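# Descriptive analysis of the structure
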Amino acid sequence: MQPPHGHRLRLLAPLLCVLAACAQGPRIQWNHPSVNQDSRVQFLVVHATEIDFATSLQVLTHGDVSSHYLVDRDGSIYGLVPESRRAWHAGPSYWEGTTPLNPSSIGIEVVSVPKGMPEGTEAPFPEPQIAAVRDLIADIAKRHHIRPNRIVGHGEVQPEGRTDPGRLFPWSSLIDAGLIPAPDPNAVNRFRQAFERDPPGVRWLQEQLSAHGYRIQCSGVFDGPTKQVLTVFQGRYRPGQVDGEADPETLGILAALTSPDGLRMRTSRDGWRALHVDPPPQARCLDP
Ligand SMILES: [Zn+2]
């Protein structure tokens, strides 16, 4: 049904926009989309709250930090910041040459402390919670086409100050779900045996850590920051022994992860496929 003065109002509308600033903003035609675009979301950062759920919710909604999602220990998922907006979860972070990561990442906080327990309490992550984290990561990674090697822990992107989600976080569950890569054990063994005979130098170690994604100086000196990065690396890839030492097994895992045929993704219960990172990993050492 047409209102009695509809025609006259349509004629007046452009004039009213000029006089009183049009509420709809400039008229834009969206019928020629470019094929050359992708999501602004390139990275996914997993955190552990290190405080219980109630405190986490308070801090992440009304403190001075935030994350896109908060996953409680019963598997409930809370969306706190829309994915299209920036959450304040990763601070002065770095991965594969990109810094900081907040503008181009999604942050997931996983509640790591049982209800009523003090800050920093370490407890295994319950299975319903891990299942929820798995589903959430799968969904986000698929929608934004996030590369598997860009699904990282907070400690990996900020090793100088953070270690979360910590050594108890079951990365193996994400490997089994085909969401993140794992080092090929044959490649790890091959490199480990070679390094037992002939250990590589510290500069090689730092270059490989840089190629894997970490922010690090390649000084050739086994300094405090190098040990810290190595500790974070072990926390994710060899949680059974996290001591910051460059032993042959740690070096073998690192060499596999940065070699062209050393990464693989699970495709089924028994199946794997090689993951070729394009462009291949390259060292981006900071100037000493
Ligand atoms: Zn964190």
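Refer to the preceding data block for the structure.
Residues numbered from 1 in each chain as written. Predicted model: local features only at pLDDT ≥ 70, side-chain atom pairs only at ≥ 80, totals over all residues. Heavy atoms only, no water.

### A word on the pattern of salt bridges
Keep this limit in mind: By definition here, a salt bridge exists when the distance from a side-chain nitrogen of Lys or Arg to a carboxyl oxygen of Asp or Glu is within 4 Å. Secondary structure elements are taken from DSSP: a helix is a run of H or I of four residues or more, a strand is a run of E of two residues or more, and numbering for both begins at the N terminus. Working definition: with a 1.4 Å probe on protein chains only, accessible area under 20% of the residue-type maximum means buried, over 50% means exposed, and in between means partly exposed.
Under the defined criterion, the tally for this structure stands at twelve salt bridges. Residue Arg167 is joined to Glu122 by a salt bridge in which the shortest nitrogen-to-oxygen separation is 3.1 Å. Of this pair, Arg167 sits in the loop between helix H4 (154-157) and helix H5 (171-176) while Glu122 sits in the loop between strand E4 (105-110) and helix H3 (127-144); the two residues are 45 residues apart in sequence, bridging distant segments of the chain. For Glu122, a relative accessible area of 51% puts it in the exposed group.

### Here we look at the state of the cysteines
Selection criterion: Pairs of cysteine sulfur atoms within 2.5 Å are identified as disulfides in what follows.
Inspection of every chain in the model, using the stated rule, returns one disulfide. Here Cys218 pairs with Cys285 through a disulfide, and the sulfurs are 1.9 Å apart. Here the disulfide of Cys218 and Cys285 is left-handed, its torsion about the S-S bond being about -70°. Here the residue Cys218 occupies a position in the loop between helix H7 (202-212) and helix H8 (224-237), and Cys285 occupies one in the segment after strand E8 (272-274), the gap between them amounting to 67 residues. On the basis of relative accessible area, Cys285 is assigned to the partly exposed category, the value being 26%.

### Some thoughts on the side chain of Gln234
In plain terms, the rule: Contacts are residue-level and defined by heavy atoms, with any inter-residue pair within 4.5 Å sufficient.
Of note, Gln234 is situated in helix H8. For Gln234, the contacting residues outside a window of four places in its chain are Pro239, Gln241, Val242, Asp243, Gly244, Glu245, Asp247 and Thr250.

### Things to note about helix H6 (residues 185-197)
Using the following cut-off: Expected span of a helix, by definition, is 1.5 Å for each gap between consecutive residues, and there is one gap fewer than residues. Directions are taken from the helix axis to each C-beta atom, and the arc is the one they span. Polar contact criterion, stated in full: a pair of N or O atoms within 3.5 Å, where within protein one must be able to donate a hydrogen and the other to accept it, and residues adjacent in sequence count only if both atoms are side-chain atoms.
For H6, with 13 residues, the first-to-last C-alpha span of 19 Å sits near the 18 Å given by 1.5 Å per residue. Buried within H6 are the following residues: Ala187, Val188 and Phe195. Along the long axis of H6, the arc covered by the buried residues comes to 100°, so they all point the same way. Among the exposed residues of H6, those pointing more than 90 degrees away from its buried face are Asn186 and Arg197. Residues of H6 that are buried make contact with strand E6 (182-183), H7 and helix H9 (248-257). Where H6 starts, the residue carrying a side-chain oxygen 2.8 Å from the main-chain nitrogen of Asn186 turns out to be Asp184.

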